[in-house]
Amino acid sequence: MKNILLFISLFLVTLVYSQESLSYQKPPQEILELAEAPLAPSMRMDYKGKNFVFLYRSNFKSIEELSEKEMRLGGLRINPKTNISSRARYFNNLKVRVGRDNKEKTPSGLPANGRFSNFSWSPNQKKMAFTNTVSDGVELWVLDIETKSVKKITEASLNANTGRPFSWFKDSSSLLVKFISKEKESLIDSKTTIPTGPTISVSEKGKKAQNRTYQDLLKNKNDEHNFEQLTLSELYKINLNGKKHLWKGTDMYRSFSFSPDGNYILVTTIEKPFSYLVPYRRFPSKTTIYDSDGNLVNVILQIPLIEDLPKGFMAVRKGKRNLSWRDDKPATLYWCEALDQGDPAKKVEFRDEVFELNAPFNGETTSILKTIGRFAGIQWGNNNTAIAQDYWWNTRNTKSYLFNPSDSTLKPVIISDRNYQDRYNNPGNFVTKRNEFGRYTLDLVKNNAYLIGDGYSAKGKFPFVDEINLKTLKTKRLYQSKLTNKVEDIAYALNIKKGEVIVRIESKNEYPNYYIRNIKKRIGLIPLTKFENPFKSIQNVHKEVIKYKRKDGLELSGTLYLPTNYEKGKKYPMVMWAYPEEFKDKSSAGQSTANSNEFTYPWYGSPIYWVTRGYVILDDASFPIVGEGDVEPNDTFIEQLVSNAKAAIDAVDNLGYIDRTKVAVGGHSYGAFMTANLLAHSNLFAAGIARSGAYNRTLTPFGFQSEERNYWEAPEIYYNMSPFMHADTMKTPLLLIHGEADNNSGTYPLQSKRYFNALKGLGAPVRLVMLPKESHGYRAKESVLHLLWEQDQWLEKHVKNKL
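To start, this report covers the structure provided alongside it. Residue positions are counted from 1 within each chain, in the order its sequence is given. Totals for whole chains, interfaces and linings use every residue, but because this is a predicted model, local features are given only for residues with pLDDT of at least 70 and side-chain atom pairs only at 80 or more, for both listing and counting. Heavy atoms throughout the structure, all of them, feed into the side-chain values; hydrogens and water do not.

**What about the overall build of the chain?**
Put simply, the rule is: Every helix listed is a DSSP run of H or I at least four residues long, and every strand listed is a run of E at least two residues long, numbered separately from the N terminus. A radius of gyration in this sense is built from C-alpha atoms; the matching globule rule multiplies 2.2 Å by the number of residues raised to 0.38. Per-residue accessibility, obtained with a 1.4 Å probe over protein chains only, is compared with the maximum for each type, and a residue is labelled buried under 20%, exposed over 50%, and partly exposed between these values. Here, two residues are considered to be in contact whenever any of their heavy atoms come within 4.5 Å of each other. All accessible areas in this document rest on Shrake-Rupley with a 1.4 Å probe, and a residue is counted as covered only by the protein chains that are shown.
Of the regular secondary structure elements, the chain holds ten helices and 48 strands. Compactness check: the chain gives a C-alpha radius of gyration of 28 Å against a globular reference of 28 Å for 803 residues, within 12% of the reference. With the C-alpha coordinates aligned to their principal axes, the bounding extent of the chain is approximately 75 × 75 × 60 Å. Burial status across the chain gives 55% buried among its 803 residues. Intrachain contacts of the chain at a sequence separation of at least 6 include 59% that bridge at least 24 residues. Roughly 35,900 Å² of accessible area belongs to the chain as shown, and the carbon and sulfur atoms make up 47% of that amount.

**Quick notes on unusual backbone geometry**
Apart from glycine, the bulk of residues carry a negative phi angle, and the bulk of peptide bonds sit in the trans form. With an omega of 5°, the peptide bond running from Lys272 to Pro273 counts as cis. Tracing the backbone shows Pro273 in the loop between β16 (264-270) and β17 (285-291). Note that the residue after Ala359, namely Pro360, is joined by a cis bond; omega there is 10°. Within the element layout of this structure, Pro360 appears in the loop between β21 (352-358) and β22 (366-371). Phi at Lys446 is positive, roughly 55°, even though this residue is not glycine. Along the polypeptide, Lys446 turns up in the loop between β29 (440-442) and β30 (448-453). Its identity is not glycine, yet Asp620 carries a phi of approximately 50°, on the positive side. Within the secondary structure, Asp620 sits in strand β43 (residues 616-621).

**Topic: the pairing of β30**
In plain terms, the rule: Only strands joined by at least two bridges in the DSSP assignment are considered to pair.
Here β30 lies mainly inside the structure; six of its six residues are buried. The alternating pattern of β30 places Asn448, Tyr450 and Ile452 and Ala449, Leu451 and Gly453 on opposite faces, both of which are buried. With two bridges joining them, strand β27 (residues 429-430) and β30 adopt antiparallel strand pairing. The residue of β30 that forms the bridge with Phe430 is Leu451. Where β30 lies against strand β33 (residues 464-469), six bridges are found, and the strand directions are antiparallel. If you follow Asn448 over to β33, its bridge partner there is Asn469.

**Description of a positive patch on the surface**
Convention followed: Exposure above 30% relative accessible area and no salt bridge define the residues that can form patches, which grow by joining like charges within 9 Å and nonpolar side chains of Val, Leu, Ile, Met, Phe, Trp and Tyr within 5 Å. A side-chain nitrogen of Lys or Arg and a carboxyl oxygen of Asp or Glu constitute a salt bridge if their distance falls within 4 Å. Charge counting follows a simple rule: Lys and Arg are positive, Asp and Glu are negative, and His as well as the terminal groups are ignored. A charged residue contributes its charge at one atom only: NZ of Lys, CZ of Arg, CG of Asp or CD of Glu.
A contiguous patch of positive charge, built from Lys48, Lys50, Lys126, Lys498 and Lys521, is present on the exposed surface. If you trace the backbone, Lys126 turns up in the loop between β7 (116-121) and β8 (127-134).

**Topic: the packing of aromatic side chains**
Threshold: Each Phe, Tyr or Trp ring, with Trp reduced to its six-membered ring, pairs with another whose centre is within 6.5 Å; inter-plane angles below 30 degrees give stacked pairs, above 60 give edge-to-face pairs, and intermediate values give tilted ones.
The final tally for this structure, using the stated rule, is 37 aromatic pairs. Note on Phe91 and Phe119: the rings are 5.9 Å apart at their centroids and 80° apart in plane angle, and the pair reads as edge-to-face. Here Phe91 is found in the loop between β5 (84-85) and β6 (93-98), whereas its partner Phe119 is found in strand β7, with 28 residues between them in sequence. Residue class for Phe91 comes out buried when judged on its relative accessible area of 16%. Given the relative accessible area of 7%, Phe119 is considered buried. Centroid distance Phe179 to Tyr236: 5.3 Å. Interplanar angle 80°. Geometry classified as edge-to-face. Of this pair, Phe179 sits in strand β12 (residues 174-180) while Tyr236 sits in strand β13 (residues 233-239), placing them 57 residues apart in sequence.

**Regarding the sheet that holds β17**
Heads up, the condition is: The angle between two axes is taken between their N-to-C directions and runs from 0 to 180 degrees, where each axis is a line fitted to C-alpha atoms and a helix contributes only its stretch in contact.
Taken in spatial order, the four strands make up an open sheet running β15-β16-β17-β18, and their pairing is antiparallel. Strands at the two margins of the open sheet, each flanked by one partner only, are β15 (253-258) and β18 (296-303). Within the sheet, the average angular offset between the axes of one strand and its neighbour, ignoring direction, is 20°. For β15 and β16, the ladder comprises five bridges, and the chain directions are antiparallel. Looking across to β16, one finds that Ser255 is bridged to Thr268.

**Here's the deal with the environment of Glu567**
Its location among the elements puts Glu567 in the loop between β40 (555-561) and β41 (572-578). On the basis of relative accessibility, which here comes to 47%, the residue Glu567 falls in the partly exposed class. C-alpha separation for the pair Glu567 and Tyr657, spaced 90 residues apart in sequence, amounts to 9.6 Å.

**Considerations on the environment of Asp261**
Our working definition: What qualifies as a polar contact is a pair of N or O atoms within 3.5 Å, subject to a donor-acceptor requirement within protein and to the restriction that residues adjacent in sequence count only when both atoms come from side chains.
Following the sequence through the fold, Asp261 ends up in the loop between β15 and β16. The class of Asp261 is buried, set by a relative accessible area of 19%. Along the primary structure Asp261 and Lys170 are separated by 91 residues, whereas in three dimensions their C-alpha atoms are 7.2 Å apart. Residues in contact with Asp261, not counting those within four places in the same chain, are Lys170, Pro330, Ala331 and Phe437. Of the polar contacts made by the side chain of Asp261, one reaches the side chain of Ser259; its length is 2.7 Å.

**Considering the packing of helix α6 (residues 637-654) against helix α7 (residues 670-681)**
Put simply, the test is: Each angle receives one of four descriptions, namely roughly parallel if under 35 degrees, roughly antiparallel if over 145, roughly perpendicular if within 65 to 115, and oblique otherwise. Each residue is assigned to one of three groups, with Ala, Val, Leu, Ile, Met, Phe, Trp, Tyr, Cys and Pro labelled nonpolar, Asp, Glu, Lys and Arg labelled charged, and all others, Gly among them, labelled polar.
Running from amino to carboxyl end, α6 crosses α7 at an angle of 85°, the nearest separation of the two axes being 10 Å. Comparing their axes, α7 and α6 come out roughly perpendicular. Taking contact as the criterion, the partners of Phe637, Ile638, Leu641, Val642 and Ala645 in α6 are, on α7, Tyr670, Phe673, Met674, Asn677, Leu678 and His681. Its residues assigned to classes, the contact of α6 with α7 shows nine nonpolar, two polar and no charged.

**Thoughts on the nonpolar core**
The following threshold applies: To form a nonpolar core, buried Ala, Val, Leu, Ile, Met, Phe, Trp, Tyr and Cys residues must be joined to one another through side-chain atoms within 4.5 Å.
Ranked by internal contacts, the top residues of the largest apolar core, which has 60 residues, are Met576, Leu618, Phe685 and Tyr755. A total of nine residues in this core trace back to one element, the largest contributor, which is α6. Phe52, Trp577, Ala664 and Leu785 belong to the second-largest nonpolar core, a separate cluster that totals 45 residues.

**Things to note about the environment of Pro749**
Secondary-structure assignment places Pro749 in the loop between β47 (734-739) and α9 (750-761). Placed 204 residues apart in sequence, Pro749 and Val545 show a C-alpha to C-alpha distance of 35 Å. Each residue touching Pro749, except ones within four places of it in the same chain, is listed here: Gln215, His738, Gly739, Glu740, Asp742 and Met770.

**Quick notes on the sheet that holds strand β10 (residues 149-152)**
Strand pairs in the sheet, formed through backbone hydrogen bonds, run parallel or antiparallel to each other. Sheet architecture is open: four strands sit in the order β7-β8-β9-β10, paired in antiparallel fashion. The sheet is open, and its two borders are formed by β7 and β10, each paired with just one other strand. Going across the sheet, the axis of each strand differs from the next one's by a mean of 25°, ignoring polarity.

**Some details on the pattern of salt bridges**
Counted by the stated rule, this structure contains 40 salt bridges. Put simply, Asp489 and Lys461 hold a salt bridge, and the shortest N to O gap is 2.2 Å. Placement of Asp489 in strand β35 (residues 487-495) and of Lys461 in strand β32 (residues 460-461) is noted, with a sequence separation of 28 residues between them. Take Asp489: its relative accessible area is 18%, and that puts it in the buried class. With its nearest N and O atoms 3.2 Å apart, the salt bridge here joins Lys486 to Glu510. Placement of the pair is Lys486 in the loop between β34 (475-480) and β35 and Glu510 in strand β37 (residues 510-518), with a sequence separation of 24 residues. For Lys486, a relative accessible area of 27% gives the class partly exposed. Judged by its relative accessible area of 36%, Glu510 falls in the partly exposed class. Three or more residues are tied together by salt bridges with common partners; here these are Glu30, Arg613, Asp792, Glu796 and Lys800.

**Let's talk about the side chain of Asp216**
For Asp216, the position within the fold is in the loop between β12 and α4 (221-231). Separated by 2.6 Å, the side chains of Asp216 and Arg77 make a polar contact. Contact partners of Asp216, with chain neighbours within four places excluded, come to Arg72, Leu73, Gly74, Gly75, Leu76, Arg77 and Asn743.

**Focus on the pairing of strand β48 (residues 766-771)**
Note the threshold: A crossover counts as right-handed when, viewed with the strands pointing away from the observer, the path leading from the first strand over the helix to the second turns clockwise.
Across six bridges, the pairing between β47 and β48 is parallel. Looking at the pairing, Gly739 lines up with Leu771 of β48. What joins β47 to β48 is α9, and the crossover it makes is right-handed.

Below is the structure:
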């Protein structure tokens, strides 16, 4: 009865609450300096490791950029004036280095104030194509590596609304490009157009459509019209001098993919009917094979509208899935099909079967493999060797199969069968090399292949290179990092025969840089980059990974930072930041991948800034939620959540660093959900910060995060896990922050608004900050700096200076 009365009071009473008229604020100077520190460039390197392209971008967009016109249609966010994603992240500068030892130079002809994206090497890697977004559209440009110059190939008429609008032909001298259709009609303004009737959706008896709560969906006929017009394109073949000819006429082109030999192209188009329940990638589609001249070869796949699937995370549609080209063949397609009709509840020996079809694509298909779990991909080697992967979410299991793609009568050998959350026993990823088609296939030397692994263990991270004999399956360790004061990552093998690998090395105060390491010869590292640390003010901050146990004995960990002004013996306030993760076994749940030697990087969502403000920080605190056997993790979610939090506070308190009455907890998305639950179900914290979260799970009734059951199967789970349902028990100060344009499934802005209403109505100390134009993550400089100011004000008032 109490709960019923609570609902009545919340929904029938109009709540009146004060609002502040506040312009964008900036955080204190010590935080501001860190937030505005310039980013190091990202690096693109050719396969020989000789030539480099460095891409530079700003830390932020501006609120002006986020305020440009945006249409939200079918799961897309489109700027209808420029015809590219309204949320695209751009680079604003680039530099080229030809040769490992030379200096970077800005290429001639580069436009000022550019907004560059969609970078793509040519097949011969002598050029790189990219797009430049200007005020009225998207242009195609090409960078010549040797001459260090760029050239505009087209005017601002590309259609990038569904992704990269171009792909290279095999000759590296021409590209297939999506242009805005000449048949495009005017868009309809739904806000001003007079409706001609209601919008009606229908559900047929017995046909279940248990979908997640997607956002930015089509809502009416006007949306359908606008979606169609914005996805209509024409395909042109265009050379590097800008000469073009029509390759295919107007259609709703979604993607295209060249065969390894370049003689065939898979073209996927969006078809009708559209849907108001699912995003465009689940609309009907058709995949057609053309030759490189645009002549029709065959329609290989037609997919109907996918609104209804069997229940479960491992549910898939019937028919061909994962259609792709074999990387080791000139023109061979492969795909998988479900043997359980896509229903994970059905008991079958094999879940998926893999088939292939050779050019000219009018012969018989060949079965090459069956997988016990859901097919997850293949790393191709040669005619006789390939390695496939599968996975099964419910058991967190993954398997690797060594098989002969030319002889399906030979039984595949399972070479790895493990829990994919078990990081300590991960055998690594197979090394690949570039073949004659420019694709990457297994690097095989006689009977041997090679693996690169992260090397996580209870003692730390020590990446390795192994040689595996594919006949005996015995492994031989060729190299393992011995660095204990730095962190090494092996990015990939440059030339495994010569022993050359690309590594990234960093320390807590040394910015990550790339090197060539020779694992066969005792020669020094060859530096490829020399990025400087832009965060000097915190480079000497004390940082350590602490390990501790919760009351059931499960080992936990977190990365602990002490204030920059730390004085031994003094107790400080603390900010704990975390994100819950579900596990099916305690062994993997208790593993730690944190490393105190990782570079200290304060990105916009990080709590690390507050070491400059006199706070102890416990970042990435372990919050495992475990459910073994038939028990689901969420069956004891609240109990485990509180136990994780108490263990973390106890551990830091026992070290003598903190005043445990002045501890704040925070998180983003599911971390925000965690935060609200901790404040509702414990008295451990002085305050909380919850960003872009969901607080009423009944608004996501067909599953959320790793919860597979729907609301009607487990109503008590949904109820108990919803902070909204326990708003009457929440008395701790809570800062709620949410982007007004959040498009993440389940965390729509209404979640924070309704939770605030409930808390306000029940007299809880709460502040709601809605960031205009922002999505699930925050991009505008004005928004991010204001976010940091809000968090700082909240912590100073309710934690450090708590009454």
